[in-house]
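Geometric and topological summary
Here is what each chain is made of, one letter per residue.
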Amino acid sequence: MILDSVFGIKLEVIIIILFVLIIILAIGLIVTFNRLQYITRKYYTLTSGKQAKDLEHIMLTRFKEMDKVKARMKRFSRDHRTFKGHLDSCFYKLGLVKYDAFDNMAGELSYSLALLNQDNSGLVLSSMHSKEGCFSYAKEIIKGESYIALSKEEKEAIQKALTIDEEIQKMVDSEDEE
């Protein structure tokens, strides 16, 4: 007796299904083999000329170097914050106005010099020169304002200091255009 069906399915259909499964498994086997070859090539490239202990030593050395770099970066970050705190209190905005304090008696030897930090706080130094002598004084500036009355030259010096960033940017822009 020849089997025409197994479990109610024709034998030809079962053979076709098994053949399709064999083809799918063969394709899967080829893909897996290719991936294994790729990984093997990468492994041999990584370890070529080195013994396993050498590779382990290299990796541990690199990890130690990375730890040192991380520690150095933390120190640099801390130092940067410290330096930035110091820079914020430095005078970097300045304005100078020269003038004749006594109307053509001594030339333009008198001046007002505004020195301001990032918060526009600092001082205005003024020196008035006359034939009899020179008088100097300072006024404290807090956030761009003074509690003591300011002369027009002192106000002008403060205004120059407050707008120095804009003036520098204009000079940079005009140089870029040339």
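Quick caveat: nothing in here was measured; it's all calculated off a predicted structure. (Residues numbered from 1 in each chain as written. Predicted model: local features only at pLDDT ≥ 70, side-chain atom pairs only at ≥ 80, totals over all residues. Heavy atoms only, no water.)

Here's the deal with the overall build of the protein
Looking only at helices and strands, one finds four helices and six strands in the protein. Mapped from its N terminus to its C terminus, the protein presents α and β elements in the order β-β-α-α-β-β-β-β-α-α. What you see for the protein is a C-alpha radius of gyration of 41 Å, clearly larger than the 16 Å of a compact globule of 178 residues, by over 25%. By principal-axis analysis of the C-alpha atoms, the protein measures approximately 140 × 45 × 40 Å. Counting only residues that meet the buried cut, the protein has 17% of its 178 residues in that class. Working note: accessible area of the protein is about 14700 Å², and carbon and sulfur atoms make up 63% of it. (Helix = DSSP H or I, 4+ residues; strand = E, 2+ residues; numbered from the N terminus. Rg over C-alpha atoms; globule rule 2.2 N^0.38 Å. Buried < 20%, exposed > 50% of the residue type's maximum accessible area, 1.4 Å probe, protein only. Areas by Shrake-Rupley, 256 points an atom, 1.4 Å probe, with all protein chains shown as cover.)

So, the pairing of strand β6 (residues 134-141)
In the sheet, strand β5 (residues 122-129) pairs with β6 via eight bridges, with the strands oriented antiparallel. By the bridge assignment for β6, S127 is matched with S136. Remark: four residues form the turn of the hairpin made by β5 and β6, two consecutive strands paired antiparallel. (Pairing = 2+ DSSP bridges.)

What about the confidence of the model for the protein?
Per-residue confidence for the protein gives a mean pLDDT of 84; residues scoring 70 or more make up 91%. Ranking the helices and strands of the protein by mean pLDDT puts helix α1 (residues 11-47) first, with 91, and strand β1 (residues 5-6) last, with 70. (pLDDT = per-residue confidence, 0-100.)

Things to note about a negative patch on the surface
Together, D173, E175, D176 and E177 make up a region of like negative charge exposed at the surface. Of note, E175 is situated in helix α4 (residues 164-177). (Patch = residues over 30% accessible without salt bridge, like charges linked within 9 Å, V, L, I, M, F, W, Y side chains within 5 Å. Salt bridge = Lys/Arg side-chain N within 4 Å of Asp/Glu carboxyl O. Lys, Arg positive; Asp, Glu negative; His and termini not counted. Charge placed at Lys NZ, Arg CZ, Asp CG, Glu CD.)

Some details on the environment of F19
Summarising the element assignment, F19 is placed in helix α1. We classify F19 as exposed; its relative accessible area is 51%. Between the C-alpha atoms of F19 and V31, which are 12 residues apart in sequence, the distance is 19 Å.

Some words on a positive patch on the surface
Side chains of K64, K68, R72, R75, R78 and R81 sit close together on the surface and give a patch of like positive charge. Within the secondary structure, R75 is located in helix α2 (residues 52-88). For R75, a relative accessible area of 39% corresponds to the partly exposed category.

Regarding the nonpolar core
Counting residues in hydrophobic clusters, the biggest one holds nine residues: V97, Y99, A114, L116, V124, I141, A157, I158 and A161. Those elements that provide at least two residues to this core are β3 (93-99), β4 (110-116) and α3 (152-162). If one sorts the elements of this core by residue count, α3 sits on top with three residues. Ignoring any residue separated from it by four or fewer positions in sequence, one finds L116 in contact with C90, F91, Y92, K93, S121, G122, L123, I141, I158, A161 and L162. (Core = buried A, V, L, I, M, F, W, Y, C linked by side-chain atoms within 4.5 Å. Contact = heavy atoms within 4.5 Å.)

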